[in-house]
Amino acid sequence: MVKKTSLFSLALLGAMALTPALTSTAALAVDDDTSISSVDLSSVREKIKAANYSAALEELRGLAEDTQQADVYNLLGYTLRKTGDYETSLTYYNKALQLQPDFKAAHEYLGELYVETGHIGKAKEQLAALTNLCPGGCEEREDLEKALEGK
């Protein structure tokens, strides 16, 4: 019985010694710059909703200099698309998807860009990605389906 108790004590001490290492690794995920909630984009969204694209672009470009965040790049792409700068918009959507490949809004907006520029096959690829991401349906998928129906 003494040997079992000693082995158990050693195992417990070993586990306790590893606890700080495991905890600190998990804490790093909270500081991830690609987290959608790491930057407050409410004022940018208000400017976009008001179609004040030049002011939204100015604020977004400042944010993009300070952070590598998928939502910032996605909104840059969206705003540029709304101003007709499709080429630069495409660059920002792709950057958003590099940072966060499962970002539904970026797939939707990229698909809408392809619809607007006549690349229906590429738009359908984005719809397929959304179908995989939300097989039960989601707003982003529905919006892209509507955009494709209009073409």
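Residues numbered from 1 in each chain as written. Predicted model: local features only at pLDDT ≥ 70, side-chain atom pairs only at ≥ 80, totals over all residues. Heavy atoms only, no water.

Draft legend 1. Structural view of the overall build of the protein. When you go through the protein residue by residue, the secondary structure sums to 8 helices and 0 strands. Secondary structure of the protein in N-to-C order comes out as α-α-α-α-α-α-α-α. Contacts in the protein between residues at least 24 apart in sequence constitute 49% of all its contacts with a sequence separation of at least 6. A total accessible area of about 9300 Å² is found for the protein, and carbon and sulfur atoms account for 56% of it. (Helix = DSSP H or I, 4+ residues; strand = E, 2+ residues; numbered from the N terminus. Contact = heavy atoms within 4.5 Å. Areas by Shrake-Rupley, 256 points an atom, 1.4 Å probe, with all protein chains shown as cover.)

Draft legend 2. A look at the packing of aromatic side chains. Evaluation of the coordinates by the stated rule reveals 3 aromatic pairs. An angle of 15° between the planes, with centres 6.0 Å apart, marks the rings of Y73 and Y92 as stacked. Here Y73, found in helix α4 (residues 70-82), pairs with Y92, found in helix α5 (residues 86-99); they are 19 residues apart in sequence, far enough to count as distant. Their ring planes at 40° and their centres at 4.7 Å tell us that Y78 and Y109 sit as a pair that is tilted. In this pair, Y78 is assigned in helix α4 and Y109 in helix α6 (residues 104-116), connecting sequence segments 31 residues apart. (Phe/Tyr/Trp six-rings, centres within 6.5 Å; stacked < 30°, edge-to-face > 60°.)

Draft legend 3. Looking closely at the state of the cysteines. Summed over the entire model, instances satisfying the criterion amount to 1 disulfide. The disulfide partner of C134 is C138, and the S-S distance across this bridge is 2.1 Å. A relative accessible area of 8% means that C134 is categorised as buried. (Disulfide = S-S within 2.5 Å. Buried < 20%, exposed > 50% of the residue type's maximum accessible area, 1.4 Å probe, protein only.)

Draft legend 4. Main features of the side chain of S89. Looking at the element boundaries, S89 is found in helix α5. Apart from residues no more than four positions distant in its own chain, S89 is found in contact with G77, Y78, L80, R81 and L113.

Draft legend 5. How the structure looks around the nonpolar core. L41, V44, I48, L60, V72, L76 and F103 are the most contacted members of the largest nonpolar core, which has 33 residues in total. Among the elements of the structure, α2 (42-49), α3 (53-66), α4, α5, α6, α7 (120-133) and α8 (139-149) are those that each provide at least two residues to this core. Those residues in contact with L76 that lie beyond four places of it in its chain are L57, L60, R61, A64 and Y92. (Core = buried A, V, L, I, M, F, W, Y, C linked by side-chain atoms within 4.5 Å.)

Draft legend 6. How the structure looks around unusual backbone geometry. The phi dihedral of A51 is positive, around 60°, even though this residue is not glycine. Relative to the helices and strands, A51 resides in the loop between α2 and α3.

Draft legend 7. Here's a closer look at the packing of α2 against α3. Running from amino to carboxyl end, α2 crosses α3 at an angle of 155°, the nearest separation of the two axes being 8 Å. Compared by their axis directions, α2 and α3 come out roughly antiparallel. Helix-helix and strand crossings are classified by hand; for α2 and α3 the assignment is left-handed. Residues S43, V44, K47 and I48 of α2 lie in contact with α3, whose contacting residues are Y53, A55, A56, E59, L60 and L63. (Axes fitted to C-alpha atoms, helices over the stretch in contact; angles between N-to-C directions. Parallel < 35°, antiparallel > 145°, perpendicular 65-115°, else oblique. Left-handed = near helix turned anticlockwise from the far one by under 90°.)

Draft legend 8. Quick peek at α7. Taking 1.5 Å per residue as the helical rise, α7 with its 14 residues ought to reach 20 Å, and the 20 Å between its terminal C-alpha atoms agrees with that figure. All buried positions along α7 are accounted for by A123, Q126, L127, A129 and L130. Burial along α7 is one-sided: seen end-on, the buried residues are contained in an arc of 155°. Residues of α7 that are exposed and point over 90 degrees away from its buried face: K124, E125 and N132. If you follow the buried residues of α7, they end up packed against α5, α6 and α8. (Expected span 1.5 Å × (residues − 1). Arc of directions from axis to C-beta.)

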